[in-house]
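Residues per chain are reported as follows:
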Amino acid sequence: MDKKTAGEVFKVLEAQYGGIGTALNYETPFQLLIATMLSAQTTDVQVNRMTPKLFADYPDARSMEKLTAEELSEYIKGCGLYRGKAKHILAAVSILTAKYQGQVPESLEELTALPGVGRKTANVVLSNAFGQPALAVDTHVLRVSNRLGLARGKDPLKVEEQLCGRLPREVWGQAHHWLIWHGRRICKAQKPLCGECALRELCPERNSNPESGKAPGEGGAGALTDSAF
Ligand code: SF4
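About the thresholds
- Residues numbered from 1 in each chain as written.
- Predicted model: local features only at pLDDT ≥ 70, side-chain atom pairs only at ≥ 80, totals over all residues.
- Heavy atoms only, no water.
- Near = heavy atom within 4 Å.
- Nonpolar A, V, L, I, M, F, W, Y, C, P; charged D, E, K, R; others polar.
- Axes fitted to C-alpha atoms, helices over the stretch in contact; angles between N-to-C directions.
- Helix = DSSP H or I, 4+ residues; strand = E, 2+ residues; numbered from the N terminus.
- Parallel < 35°, antiparallel > 145°, perpendicular 65-115°, else oblique.
- Left-handed = near helix turned anticlockwise from the far one by under 90°.
- Contact = heavy atoms within 4.5 Å.
- Buried < 20%, exposed > 50% of the residue type's maximum accessible area, 1.4 Å probe, protein only.
- Phe/Tyr/Trp six-rings, centres within 6.5 Å; stacked < 30°, edge-to-face > 60°.
- Lys NZ or Arg CZ within 6 Å of the ring centre and 35° of its normal.
- Domains from an automatic or database assignment.
- Buried area = accessible area lost by both parts, 1.4 Å probe.
- Salt bridge = Lys/Arg side-chain N within 4 Å of Asp/Glu carboxyl O.
- pLDDT = per-residue confidence, 0-100.
- Core = buried A, V, L, I, M, F, W, Y, C linked by side-chain atoms within 4.5 Å.
- Expected span 1.5 Å × (residues − 1).
- Polar contact = N/O pair within 3.5 Å; in protein donor to acceptor, adjacent residues only side chain to side chain.

## Details of the site of the ligand
Close contacts around the ligand come from 13 residues, with Cys 187, Cys 194, Cys 197, Cys 203 and Glu 205 the closest. Its residues assigned to classes, the shell around the ligand shows seven nonpolar, two polar and four charged.

## Let's talk about the packing of helix α2 (residues 29-38) against helix α8 (residues 119-130)
Orientation of α2 relative to α8, taken along the N-to-C sense of each, is 150°, at an axis distance of 10 Å. Here α8 runs roughly antiparallel to α2, going by the angle between their axes. Between α2 and α8 lies a crossing whose hand is right-handed. Across the interface between the two elements, Pro 29, Leu 32, Leu 33, Thr 36 and Met 37 from α2 touch Thr 121, Val 124, Val 125, Asn 128, Ala 129 and Phe 130 from α8. Of the residues that constitute the contact of α2 with α8, the class distribution is eight nonpolar, three polar and no charged.

## Topic: the environment of Val 93
Tracing the chain through its elements places Val 93 in helix α6 (residues 82-100). Given the relative accessible area of 1%, Val 93 is considered buried. For the pair Val 93 and Lys 188, spaced 95 residues apart in sequence, the C-alpha to C-alpha distance is 35 Å. Once residues lying within four places of it in the same chain are set aside, the contact partners of Val 93 are Phe 30, Ile 34, Ala 61, Met 64 and Glu 65.

## Focus: the packing of aromatic side chains
Under the definition given, this model contains one aromatic pair. Taking the centre distance of 5.7 Å and the plane angle of 85° together, the rings of Tyr 58 and Tyr 75 count as edge-to-face. Here the residue Tyr 58 occupies a position in the loop between α3 (44-57) and α4 (61-64), and Tyr 75 occupies one in helix α5 (residues 69-76), the gap between them amounting to 17 residues. The ring of Trp 181 carries the charged tip of Arg 184 above its face, separated from the ring centre by 4.8 Å.

## Focus: the domain arrangement of the protein
According to the domain assignment, the protein contains domain 1 (3-20 + 136-222) and domain 2 (29-130). When each unit is reduced to the centre of its C-alpha atoms, the spacing between domain 1 and domain 2 is 29 Å. If you look at the interface, domain 1 gives nine residues, while domain 2 gives seven residues. The contact between domain 1 and domain 2 buries some 580 Å² in all, and 50% of this surface belongs to carbon and sulfur atoms. Counting the surface domain 1 buries against domain 2, the share from its top three residues, Ala 136, Glu 160 and Arg 184, is 50%. Linking domain 1 with domain 2 are two salt bridges, by the criterion used here.

## Comments concerning the confidence of the model for the protein
With 90% of its residues at a pLDDT of 70 or more, the protein shows a mean pLDDT of 92. Under a pLDDT of 50 for its full length, residues 214-226 has, in the predicted model, 18 contacts with residues more than four places off or in other chains.

## Observations regarding the nonpolar core
By size, the foremost hydrophobic cluster in this structure holds 36 residues, and its most contacted members are Ile 34 and Met 64. Elements that contribute at least two residues to this core include exactly α2, α3, α4, α5, α6, α7 (108-112) and α8. Sequence-distant contacts of Met 64, that is, excluding residues within four places in its chain, are made with Phe 30, Ile 34, Leu 54, Phe 55, Tyr 58, Ile 89, Leu 90 and Val 93.

## Considerations on helix α1 (residues 3-17)
Over its 15 residues, α1 extends 21 Å from the first C-alpha to the last, a length consistent with the 21 Å expected when each residue adds 1.5 Å. The set of residues buried in α1 consists of Thr 5, Ala 6, Gly 7, Glu 8, Val 9, Phe 10, Lys 11, Val 12, Leu 13 and Tyr 17. On its buried face, α1 is in contact with α9 (139-148), α10 (156-166) and α11 (172-185). Capping the start of α1, Asp 2 holds a side-chain oxygen 3.0 Å from the backbone nitrogen of Lys 4, two or three residues further along. Trailing α1 by a residue or two, Gly 19 shows a phi angle of about 90°, which is positive.

## A short note on α9
Counting buried residues in α9 gives nine out of 10 residues, a clear majority hidden from the surface. If you check which residues of α9 are buried, you get His 140, Val 141, Leu 142, Arg 143, Val 144, Ser 145, Asn 146, Arg 147 and Leu 148. Lining the buried residues of α9 we find α1, α10 and α11. N-cap assignment for α9: the residue whose side-chain oxygen lies 3.0 Å from the backbone N of His 140 is Asp 138. Of the residues trailing α9, Gly 149 is marked for its positive phi of about 80°.

Here is the structure:
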């Protein structure tokens, strides 16, 4: 996809989803880290059902450190792979208290050194909790960016590099949310709703789901001209 078209795509995405952040509920960087760790193989809705009680009882690293894996599992057993997640979380919490005075470190290297914390989780924390330029690539971002031609390939790191190369640093974190929400609401994995998609005029795969119907109304992406990207 050429630079001009990519700019138009991002402008439409911003118009559609600008201002919408993560669906995960949290109050502190620590709580976002834990919620994001829980969200692997689990929907944000499911995570949000479990975290209110967990964070009310154990709001920070120093209090959560007192839990055993079995006790933590009771709080999070509504999410997939919860036994493994409980072990990873407690191992990470132990490092946070021992090495960082219970705080969450603010660098990619330090975050990804924590048990159970991969690059995607680290980037989510860096951008959402600390306002750093970071673009987390999850399954939605990977799928939507490939369908739109914004990036190519299945390697999240390479897709992240391609997307970041197309965008100013100050919108990396927002672009993550735009692509996620577009993937959840419209460009769904099995049956993308191409007929309802504001990007259909710009998308090379707009006919990938002929069952999704005709485009409703006017106002497609082609009308937008003064792209900031
Ligand atoms: S036109 Fe279809 S494939 Fe393309 S972004 Fe929209 S929903 Fe996804």
